[in-house]
Amino acid sequence: MSKLTRTLVIVVLITCSSSALAASFWKTGTIVRVLTDKTLYGGCMIQLSSNIGNGCPDNGWVSLDCKGIHSEPSDGKRAYVTALLAFQMGKQVSVLVNNEEKNTNYCVAGRVDIMN
């Protein structure tokens, strides 16, 4: 195998392995349940109709971090209000999940988009 071929193989392997470990990824679904808690889960969570996976519990639940453990509390509360609106309207959401930030073992969503 030539040096160029070996280099290309290494580059492809590094690219594939780094995408499998990506910290943030998108999940889309409708919100099935909304949860608030005084001490656990970063204060609030949503459960999507689709599974989360990718290093997160695969049951659809994701923390919105309303207590501000990983960001400002206002960021999580804004995401929570957006999620409540989508839940009430029955709209799909797209959620940016970070599998490196966790509250009570659940991954944290840094963004909630309401789909049209």
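If you're wondering where the values come from, they're calculated on a predicted model, not measured in any experiment.

How each quantity is defined
- Residues numbered from 1 in each chain as written.
- Predicted model: local features only at pLDDT ≥ 70, side-chain atom pairs only at ≥ 80, totals over all residues.
- Heavy atoms only, no water.
- Disulfide = S-S within 2.5 Å.
- Helix = DSSP H or I, 4+ residues; strand = E, 2+ residues; numbered from the N terminus.
- Buried < 20%, exposed > 50% of the residue type's maximum accessible area, 1.4 Å probe, protein only.
- Contact = heavy atoms within 4.5 Å.
- Core = buried A, V, L, I, M, F, W, Y, C linked by side-chain atoms within 4.5 Å.

Q: With reference to specific residues and values, describe the state of the cysteines.
A: Under the criterion given, the structure shown has two disulfides. In this model, C44 is linked to C66 through a disulfide, with the two sulfur atoms separated by 1.8 Å. Across the S-S bond linking C44 and C66, the dihedral sits near 80°, which makes this disulfide right-handed. On the criterion of sequence distance, the pair formed by C44 in strand β2 (residues 44–48) and C66 in the loop between β3 (61–63) and α2 (73–89) is long-range, its members being 22 residues apart. No difference in accessibility class separates C44 from C66, as the two residues are buried. Disulfide partner of C56: C107, at an S-S distance of 2.0 Å. Disulfide C56-C107: torsion about the S-S bond near -100°, hence left-handed. With C56 in the loop between β2 and β3 and C107 in strand β5 (residues 106–114), the pair connects residues that are 51 residues apart, well separated along the chain.

Q: Summarise unusual backbone geometry; cite the residues concerned and give the values.
A: With a phi angle near 65°, Y41 is a residue other than glycine that sits in the positive phi range. If you check the backbone angles, D65 has positive phi at about 60° while not being a glycine. Here D65 is to be found in the loop between β3 and α2. Exposure remark for D65: the relative accessible area of 1% places this residue in the buried category.

Q: Give a detailed account of the environment of L96, specifying residues and quantitative values.
A: In this structure, L96 sits in strand β4 (residues 92–103). Along the backbone, L96 and V108 are 12 residues apart, and their C-alpha atoms lie at a distance of 8.5 Å. Look past the residues within four positions of L96 in its chain and what remains in contact with it is S24, F25, W26, V108, A109, G110 and R111.

Q: Explain the nonpolar core residue by residue, including any values.
A: Residues I31, I46, L48, L64, V93, V95 and V97 are the most contacted members of the largest nonpolar core, which totals 20 residues. When residues of this core are traced back to their parent elements, those giving at least two are β1 (24–36), β2, α2, β4 and β5. If one sorts the elements of this core by residue count, α2 sits on top with four residues. Aside from chain neighbours lying at most four places away, what touches V93 is K27, T28, G29, I31, L48, A86, V112, D113, I114 and M115.

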